[in-house]
Amino acid sequence: MSDLHKSLPASASSADLARIEAFIERIWSEYGLAGRTLEAYRSDLKGLAGWLAGRGRGLTAARREDLAAYQGAASVSVRSMARRQSAFRRFYADLARRQPGFDDPTLLLDRPKLPRGVPKALTESQVEALLQAPDETTLLGLRDRAMLELMYASGLRVSELVELPLAALNRRQAVLRVTGKGGKDRLVPVAELSQRSVERYLDEVRPVLAAGRQPEALFLSRRGEGMTRQMFWTLIKRHALNVGIDTRRVSPHVMRHSFATHLLNHGADLRSLQMLLGHSALSTTQIYTLVAKEGLKRLHAMHHPRG
């Protein structure tokens, strides 16, 4: 535990805690943010409020210097620092909108510089091996194959996959309605091979797992309940291990990265990829061009006579 958190008081002031809860309620109702995001914001703001309370100051009296000192005192990663700052900026921007004349302390706060990493992606042959890994002579194997096929064919986030309701799939038009970050909906086509796997799961497996009930979730656990992210994480690691893929290189998000990278390698344009992935900004999608370029460089070095 960092020295910062060891020094926190038992709790922030009741006034600040009430402000935080009111803020969380507002952004949930206005923007429909995911529960995990709201909980992260709540935790980050409570941490700041507790630190300020130990110095005789409340959230509304915080200065830029206070926020900079709080950030500098924390032994956390750059990404965690960036996430905290996002919570602070949103909280104080909301406060400034509701209180004319309020001086937002985050306006001149330096933003942490995040490293621009290259997304990890599996090769097409590795993905094919992973898709073939589940034992399709079993009910759960058929379910796993359908989930893996759908994730790779449609580029879904793991939370989007496990939270898909049965009503999200239009079987006749082979289209999914996916609710992504911020509660934004997008339509995603379901590829033919993926559709076959999902159709087989729906016809042969789901009725057995549901056991006469009417669960809302598309994909069900052996108990007939909706799958969780942890369940899917475990199954994808297990199947990767069974086909000899290094489990450290495989995760649900790596499958999404592989979907994007393979589409670019086969000529997809960035705008279309942005829509399929549900990115709000094209700059987020452009990171995948780095992966595609690296693949082209390796291909050139391997096959060009002067490579």
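Predicted model, so just to flag it, every value in this text is computed and none were measured.

Procedures and definitions
- Residues numbered from 1 in each chain as written.
- Predicted model: local features only at pLDDT ≥ 70, side-chain atom pairs only at ≥ 80, totals over all residues.
- Heavy atoms only, no water.
- Buried < 20%, exposed > 50% of the residue type's maximum accessible area, 1.4 Å probe, protein only.
- Helix = DSSP H or I, 4+ residues; strand = E, 2+ residues; numbered from the N terminus.
- Arc of directions from axis to C-beta.
- Salt bridge = Lys/Arg side-chain N within 4 Å of Asp/Glu carboxyl O.
- Contact = heavy atoms within 4.5 Å.
- Pairing = 2+ DSSP bridges.
- Core = buried A, V, L, I, M, F, W, Y, C linked by side-chain atoms within 4.5 Å.
- 1 Å grid on protein atoms, 1.4 Å probe; cavity = no way out; pocket = protein on both sides within 12 Å on 5 of 7 lines; lining within 4 Å.
- Points joined across faces, edges and corners; volume = space filled by probe spheres on them.
- Nonpolar A, V, L, I, M, F, W, Y, C, P; charged D, E, K, R; others polar.
- pLDDT = per-residue confidence, 0-100.
- Phe/Tyr/Trp six-rings, centres within 6.5 Å; stacked < 30°, edge-to-face > 60°.
- Expected span 1.5 Å × (residues − 1).

Describing helix 6 (residues 124–132)
Point 1. Listed as buried for helix 6 are V127, L130 and L131. Here the buried residues of helix 6 occupy an arc of 100° about the axis, which is enough to place them on one side.

A short note on the pattern of salt bridges
Point 1. Enumeration over the complete set of coordinates arrives at 21 salt bridges.
Point 2. Put simply, R200 and E136 hold a salt bridge, and the shortest N to O gap is 3.6 Å. Of the two residues, R200 sits in helix 9 (residues 192–210) while E136 sits in the loop between helix 6 and helix 7 (139–154), which places them 64 residues apart along the sequence.
Point 3. The shortest N-O distance in the salt bridge between R186 and E160 comes to 2.8 Å.

Some points on the side chain of S154
Point 1. Considering the arrangement of structural elements, one finds S154 in helix 7.
Point 2. Not counting residues up to four positions away in its chain, the partners in contact with S154 are L176, V188, P189, V190, F259 and L276.

Some points on the sheet that holds strand 2 (residues 175–179)
Point 1. On the basis of which strands lie adjacent, the open sheet formed by three strands has the order 1-2-3 and antiparallel pairing. Strand pairing shows two members of the sheet lacking a second neighbour, strand 1 (169–170) and strand 3 (185–189), which therefore form its edges.
Point 2. By the bridge criterion, five bridges tie strand 2 to strand 3 in an arrangement that is antiparallel. The residue of strand 3 that forms the bridge with L176 is V188.

With respect to the nonpolar core
Point 1. Within the largest apolar cluster, 47 residues are counted, with the highest numbers of intra-cluster contacts made by L150, L161, L164, L176, F219, F232 and M255.
Point 2. Within the residue set of this core, elements represented by two or more residues are helix 6, helix 7, helix 8 (158–162), strand 2, helix 9, helix 10 (229–242), helix 11 (252–265) and helix 12 (270–277).
Point 3. Per-element accounting of this core gives the leading share, seven residues, to helix 7.
Point 4. Beyond its immediate sequence surroundings of up to four residues, L176 is in contact with L150, S154, L156, L164, A168, L169, R186, L187, V188 and V190.
Point 5. By size, the runner-up hydrophobic cluster in this structure holds 24 residues, among which are L38, L45, A62 and A87.

Some thoughts on the pairing of strand 3
Point 1. Of the two faces of strand 3, the one holding R186 and V188 is buried and the one holding D185, L187 and P189 is not buried anywhere.
Point 2. Between strand 2 and strand 3, which follow one another and run antiparallel, lie five residues, and G182 among them has a positive phi close to 70°.

A few points about empty space enclosed by the protein
Point 1. In the structure shown here, the tally under the stated rule is one cavity of 30 Å³ or more.
Point 2. Counted as a void, the largest cavity has a volume near 30 Å³.
Point 3. If you trace the largest cavity, you find it lined by L169, R171, A174, V190, Q195, V198 and E199.
Point 4. Looking at the lining of the largest cavity residue by residue, the classes come out as four nonpolar, one polar and two charged.

Observations concerning the pairing of strand 2
Point 1. Side chains L176 and V178 of strand 2 all project onto a buried face; the interleaved residues V175, R177 and T179 project onto a face where none is buried.
Point 2. With two bridges joining them, strand 1 and strand 2 adopt antiparallel strand pairing. The residue bridging L169 from the neighbouring strand is L176, located in strand 2.
Point 3. Remark: four residues form the turn of the hairpin made by strand 1 and strand 2, two consecutive strands paired antiparallel; A174 in that turn has positive phi of roughly 55°.

What about the confidence of the model for the chain?
Point 1. When pLDDT is averaged along the chain, the result is 84; 86% of the residues meet or exceed 70.
Point 2. Below pLDDT 50 for its whole length, residues 1–10 participates in 15 contacts with residues either more than four positions away or in separate chains.

Here we look at the side chain of E149
Point 1. In this structure, E149 sits in helix 7.
Point 2. When its relative accessible area of 8% is taken as the criterion, E149 is described as buried.
Point 3. With residues up to four places along the chain from it excluded, the contact list for E149 reads L131, L193, S194 and S197.

Comments concerning the environment of S159
Point 1. With respect to the secondary-structure elements, S159 resides in helix 8.
Point 2. Judged by relative accessible area, S159 falls into the buried class, the value being 13%.
Point 3. For S159, the contacting residues outside a window of four places in its chain are R36 and R229.

Notes on the packing of aromatic side chains
Point 1. Inspection of the entire model under this criterion finds six aromatic pairs.
Point 2. Considering the side-chain rings of F23 and F91, the 5.3 Å spacing of their centres and the 80° angle between planes classify their relative orientation as edge-to-face. Of the two residues, F23 sits in helix 2 (residues 14–31) while F91 sits in helix 5 (residues 78–98), which places them 68 residues apart along the sequence.
Point 3. The class for F23 is buried, based on a relative accessible area of 0%.
Point 4. In this structure F91 comes out as buried when scored by relative accessible area, which is 3%.
Point 5. Joined through ring pairs, the aromatic side chains of F23, F91, Y92 and F102 make up one cluster.

Side note on helix 11
Point 1. Over its 14 residues, helix 11 runs 20 Å from end to end, which matches the ideal 20 Å to within 8%, given 1.5 Å per residue.
Point 2. Most of helix 11 sits inside the fold, with 11 of its 14 residues counted as buried.
Point 3. Buried within helix 11 are the following residues: P252, V254, M255, R256, H257, S258, F259, A260, T261, H262 and L264.
Point 4. Immediately downstream of helix 11, the backbone of G267 shows phi near 100°, a positive value.

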